[in-house]
Amino acid sequence: MREEESGGGHRLGSYLRARRELVSPSQVGLPSGGRRRVPGLRREEVALLAGISPDYYLRLERGRDRNPSPQVLESLSRVLQLDDIERMYLLDLAAARPRAPRRKRSEQVPARVYELLAHLQVPAFVEGRAFDVLASNPMAVAFSPRLRPGENRLRSLLLDPEERAFHQDWTKATANFIATLRTTIGDDIDNPRFVELVGELALSSQRFRTLWARHDVRNLDGGTTTVHHPVVGDLRLHRDKLPIEDVILVVYYPDKDSDSDEKLRLLAALAHTGSADDQTRVGRPDASSDRPTR
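Below is a summary of the structure that appears in this document. Residues take numbers from 1 onward in each chain, read along the sequence in its written order. Since the coordinates come from a predicted model, pLDDT governs what is reported: local features require at least 70, and pairs of side-chain atoms require 80 or more to be given and counted, while whole-chain, interface and lining totals use all residues. The side-chain values count all of the structure's non-hydrogen atoms but skip hydrogen atoms and water molecules.

To continue, consider the sheet that holds strand β2 (residues 133-136). Strands in a sheet are paired, the pairing made by backbone hydrogen bonds, and the direction either parallel or antiparallel. In this description, strands pair whenever DSSP reports at least two bridges between them. Numbered from the N terminus, helices here are DSSP runs of H or I no shorter than four residues, and strands are runs of E no shorter than two. One open sheet holds the 5 strands; their spatial order is β2-β1-β5-β4-β3, and the pairing between them is antiparallel. Only two strands of the sheet have a single partner each, and these edge strands are β2 and β3 (223-229). The mean angle between the axes of side-by-side strands here comes to 30°, regardless of whether they run parallel or antiparallel. Lying over the sheet, helix α13 (residues 259-272) contacts β3 and β4 (233-244), oriented at roughly 80° with respect to β4. With axes taken as lines fitted to C-alpha atoms, and helix axes fitted only over the stretch in contact, angles between N-to-C directions fall between 0 and 180 degrees. Residue contacts follow a heavy-atom distance rule, with two residues in contact if any of their heavy atoms lie within 4.5 Å.

Turning next to the nonpolar core. For our purposes a nonpolar core is just a set of buried Ala, Val, Leu, Ile, Met, Phe, Trp, Tyr and Cys residues, chained together by side-chain atoms within 4.5 Å. A simple rule labels every residue: compare its accessible area, found with a 1.4 Å probe on the protein chains alone, to the largest value its type can have, and call it buried under 20%, exposed over 50%, or partly exposed in between. Formed by 30 residues in total, the largest nonpolar core has its most connected members in V109, L117, V126, F143, L235, L249 and L264. Among the elements of the structure, α6 (111-119), β1 (124-127), β2, α7 (138-143), β4, β5 (247-253) and α13 are those that each provide at least two residues to this core. Ranked by residue count, the leading element in this core is β5, at 5 residues. Counting 24 residues, the second largest nonpolar core, distinct from the first, contains L12, L73, L76 and L82.

Given two aromatic rings, one states the distance between the centres and the angle between the planes to describe the pair. Centre distance within 6.5 Å is the pairing criterion for rings of Phe, Tyr and Trp, where only the six-membered ring of Trp is used; planes under 30 degrees apart are then read as stacked, over 60 as edge-to-face, and the remainder as tilted. One pass over the structure, following the stated rule, counts 6 aromatic pairs. Arranged with centres 6.4 Å apart and planes meeting at 20°, the rings of F125 and Y252 form a pair that is stacked. A residue pair is termed long-range when its members are at least 10 positions apart, and F125 in strand β1 and Y252 in strand β5 qualify at 127 residues. Just as F125 is buried, Y252 falls in that class too. Relative to W212, the ring of F208 lies with its centre 5.2 Å away and its plane at 20°, an arrangement referred to as stacked. In this pair, F208 and W212 both sit in helix α12 (residues 206-212), 4 residues apart, roughly one turn of the helix. Looking at W212, the relative accessible area reads 7%, which means it is buried.

The next subject is the pairing of β2. Where β1 and β2 come together, 3 bridges link them in antiparallel fashion. Across the sheet, F125 pairs through a bridge with S136, a residue of β2. Between the antiparallel neighbours β1 and β2 lie 5 residues, among them F131 with a positive phi of about 70°.

Before going further, it helps to examine the packing of helix α2 (residues 43-50) against helix α3 (residues 54-61). Running from N to C, α2 and α3 point in directions that differ by 115°, and their axes come no closer than 8 Å. In the packing of α2 onto α3, the handedness of the crossing is right-handed. The segment α2 lies against α3, with R43, V46 and A47 engaging P54, Y57, L58 and E61. Each residue is assigned to one of three groups, with Ala, Val, Leu, Ile, Met, Phe, Trp, Tyr, Cys and Pro labelled nonpolar, Asp, Glu, Lys and Arg labelled charged, and all others, Gly among them, labelled polar. Counted by class, the contact of α2 with α3 contains 5 nonpolar, no polar and 2 charged residues. Rotating anticlockwise by less than a right angle from the far helix to the near helix defines a left-handed crossing, while the corresponding clockwise rotation defines a right-handed one.

This next bit is on the side chain of K263. Inspection of the secondary structure puts K263 in helix α13. Separated by 3.0 Å, the side chain of K263 and the backbone oxygen of D234 make a polar contact. Apart from the residues within four sequence positions on either side, K263 is in contact with V232, G233, D234 and L235. Throughout this description, a polar contact denotes any pair of N or O atoms lying within 3.5 Å of each other; where both atoms belong to protein, one of them has to be capable of donating a hydrogen while the other can accept it, and for residues adjacent in sequence the pair is counted only when both atoms sit in side chains.

With that settled, the discussion passes to the packing of helix α10 (residues 170-185) against helix α11 (residues 192-204). Look at α10 against α11: their axes get within 11 Å of each other, and the N-to-C directions meet at 150°. Classed by the angle they form, the pair α10 and α11 counts as roughly antiparallel. Along this stretch, α10 crosses α11, giving a crossing that reads as left-handed. Residues L181, T184 and I185 of α10 lie in contact with α11, whose contacting residues are F194, L197 and V198. The scheme is simple: roughly parallel for angles under 35 degrees, roughly antiparallel for over 145, roughly perpendicular for 65 to 115, oblique for anything else.

Shape descriptors only; they carry no functional weight alone.
Here it is as structure tokens:
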């Protein structure tokens, strides 16, 4: 993580500054004319609109005041036009307190989940908090080879050209994934896996650096997506993410009797011609001792 994010006050200040730079004067009813040295709102404009002194707001952005009142935070949330998720993230940043280091432990896939994956006839896989693929069924691998255990979904999305072509709206997908990663990290900023992943992507992806600097936060839950499969073509699928203990089961499925349903059946037939048993067993605890950690 960047040094400015190493403490609660600095993280709060970084978030306020990033969100301030994303709000234009016209969005809050201020004239936008004249030469402006910074994008978005000036500090004194935020302070004026929030009903606080410019000096106090400056102290917040510089991490010198780590205990703003809920009323101040609500006012800032309104001025910065935060949605509910962003507002709660702001409140959590202000409430962050020093904590003892969390014990490093492996993300474990419950044994019963491997059995569930083996029985599901649609793409399904298990991911960790950092989007590491921990287990997957043959349909998931047929759906995308990047869903093999050991892959990282965010790294693939940003760095693999095939994964970029796979997504109908790659721009939206990357924005959602990166904002979700920041939400997931929360105050767990010293987690070795998060530090490693953020550091790697910050060095290798301009797209990541740009979006990470925005401090967007989002929950990536269920939804509907369209992907372009290189064999069966476009697939419109629903996605559900189901928490199971410390991991997430992700399932993709089509509308019944739809064109995508027919294409997914074809994909299943192609997948069954391969070594399905070997694919199902990939990612079991005895398959590898090199497991992503949290």
